[in-house]
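This is what each chain is made of:
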Amino acid sequence: MSERVLIDGFNRRVDYLRLSVTDRCDFRCVYCMAEDMQFLPRQRVLTLEEIFQVAQSFVTLGTRKIRLTGGEPLIRPGAVKLCEQIAALPGLRELCLTTNGSQLGKLAAPLFDAGVKRLNVSLDSLDADRFKQLTRTGDLAQVINGIDAARKAGFTRTKLNCVVMQGRNDHEINDLVRFAIDRELDISFIEEMPLGAISEHSRAESFFSSSQVRERIAERYTLIDSAESTQGPSRYWRLAEAPQIRLGFISPHSHNFCGTCNRVRMTVEGRLLLCLGNEHSVDLKAVLRAHPGQPERLEKAIIEAMRLKPYRHNFEVNDDVQVVRFMNMTGG
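Residues numbered from 1 in each chain as written. Predicted model: local features only at pLDDT ≥ 70, side-chain atom pairs only at ≥ 80, totals over all residues. Heavy atoms only, no water.

1. Side note on the environment of lysine 132
Position of lysine 132 among the secondary structure elements: in helix 4 (residues 128-135). The sequence separation of lysine 132 and phenylalanine 27 amounts to 105 residues, and the corresponding C-alpha distance is 9.3 Å. Those residues in contact with lysine 132 that lie beyond four places of it in its chain are Thr137 and Gly138. (Helix = DSSP H or I, 4+ residues; strand = E, 2+ residues; numbered from the N terminus. Contact = heavy atoms within 4.5 Å.)

Shown next, in the form of structure tokens:
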């Protein structure tokens, strides 16, 4: 029997699913959500069993990489057990998880034992006061403790994700690179994305491009371009001074990465988002609940949804709200 694969309307193979397990978070990062958030009521979110069914159907259809996201996925009870179930799916090559790191101190070892292969940890500042300002509620020491716990548990190639904002944390770029080198972590620098209406700062004024980040890094290190890929949107570089780590750059504005897009996102509400920067979506929760125990119905809906996947997003560097949902609703 030939392998089942998902192909979109532009002949791109879709084999990477970012799967949200909650819209809730114990941080309130300024670029991700409003300070006073209204989260989804329980009846509107997928159960863990339904999330597993979605993962199972995607793997049946050729998905080889799944990343669990949120909100903060590790604050949902049962998240580690869900990881164990998904990691055991035949055909899945890699289960990854994106986290703010707050729960890793106690959950890094259970996650490693459950079969999670790699972690991404959000870290935008190494200054405790600034970290608290950017996250509104976060404790930097707790996150660093979690990063160290992950290494102790056996995780390798853990990656830091840093959203760079001019005038807020751009002066810390090389400090973050040094931190990554010292702990043998990869690191990706991300251009802020225009998701959800925020009043805390002007996105147009805070924009700091990937090219500017590389220029800042080149003041201290020697950058070497690399053709490496982890199936995501990062373009990777190496450092001559520390070749063991990778530097990634996620550039939705300045170096659009849509042409090779191989991924879709599933919100915890059951919306299959076909593009990060568009509202094209399909309600898979309705399919799950109308046809329980019929995975072929879910698979058919997923296959048909690929026709809706647009070629690209069209983010602009201004303060217009181009997509109304916040990142915590999008799913990492």
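Next, the rest of the story.
2. Quick look at the UniProt feature "binding site: GTP" (unreviewed entry) in the chain
In the numbering used here, UniProt assigns the "binding site: GTP" (unreviewed entry) feature to Arg18, Arg67, Thr98, Lys159, Arg263, Val264 and Arg265. The topology assignment puts arginine 263 in strand 10 (residues 263-266). By relative accessible area, arginine 263 is classed as buried at 6%. A distance of 2.8 Å separates the side chain of arginine 263 from the side chain of asparagine 262, its partner in a polar contact. Following the sequence through the fold, arginine 265 ends up in strand 10. (UniProt positions renumbered as here; feature names shortened; annotations may be inferred. Buried < 20%, exposed > 50% of the residue type's maximum accessible area, 1.4 Å probe, protein only. Polar contact = N/O pair within 3.5 Å; in protein donor to acceptor, adjacent residues only side chain to side chain.)

3. Some details on the sheet that holds strand 3 (residues 94-99)
Judged by pairing direction, the sheet is mixed, and its twelve strands sit side by side in the order 7-8-9-6-5-4-3-2-1-10-11-12 without closing on themselves. The strands lining the two open edges of the sheet, one partner per strand, are strand 7 (223-225) and strand 12 (281-283). Strand-to-strand twist of the sheet, defined as the mean angle between neighbouring strand axes without regard to direction, takes the value 25°. Two elements, strand 8 (residues 235-239) and strand 9 (residues 246-250), share four bridges in a ladder whose sense is antiparallel. When the bridges of strand 9 are listed, arginine 238 appears paired with arginine 246. Docked against the sheet, helix 6 (residues 173-182) engages strand 5 (159-164), strand 6 (186-191), strand 8 and strand 9, running at close to 155° with respect to strand 6. (Pairing = 2+ DSSP bridges. Axes fitted to C-alpha atoms, helices over the stretch in contact; angles between N-to-C directions.)

4. So, the packing of helix 1 (residues 48-60) against helix 10 (residues 295-305)
Following both chains from N to C, one finds helix 1 and helix 10 inclined at 65°, their axes separated by 10 Å at the closest point. Judged by the inter-axis angle, helix 1 sits roughly perpendicular to helix 10. For the element pair helix 1 and helix 10, the recorded crossing hand is right-handed. Residue-level inspection shows Gln53, Val54, Ser57, Phe58 and Thr60 of helix 1 in contact with helix 10, the latter providing Pro295, Leu298, Glu299 and Ile302. In terms of residue class, the contact of helix 1 with helix 10 is built from five nonpolar, three polar and one charged. (Parallel < 35°, antiparallel > 145°, perpendicular 65-115°, else oblique. Left-handed = near helix turned anticlockwise from the far one by under 90°. Nonpolar A, V, L, I, M, F, W, Y, C, P; charged D, E, K, R; others polar.)

5. Some remarks on the pattern of salt bridges
Scanning the model with the defined rule gives 17 salt bridges in all. Ionic pairing is found between lysine 81 and glutamate 84, a salt bridge with its closest N-O pair at 3.9 Å. With lysine 81 and glutamate 84 both in helix 2 (residues 79-87) and three residues apart, the pair spans about one turn of that helix. The exposure class of lysine 81 is partly exposed, given its relative accessible area of 47%. Its relative accessible area of 41% is what places glutamate 84 among the partly exposed residues. Ionic pairing is found between arginine 151 and glutamate 184, a salt bridge with its closest N-O pair at 3.1 Å. On the criterion of sequence distance, the pair formed by arginine 151 in helix 5 (residues 140-153) and glutamate 184 in the loop between helix 6 and strand 6 is long-range, its members being 33 residues apart. Members of the salt-bridge network, linked through shared partners, are Arg157, Asp186, Glu228, Arg238 and Arg246. (Salt bridge = Lys/Arg side-chain N within 4 Å of Asp/Glu carboxyl O.)

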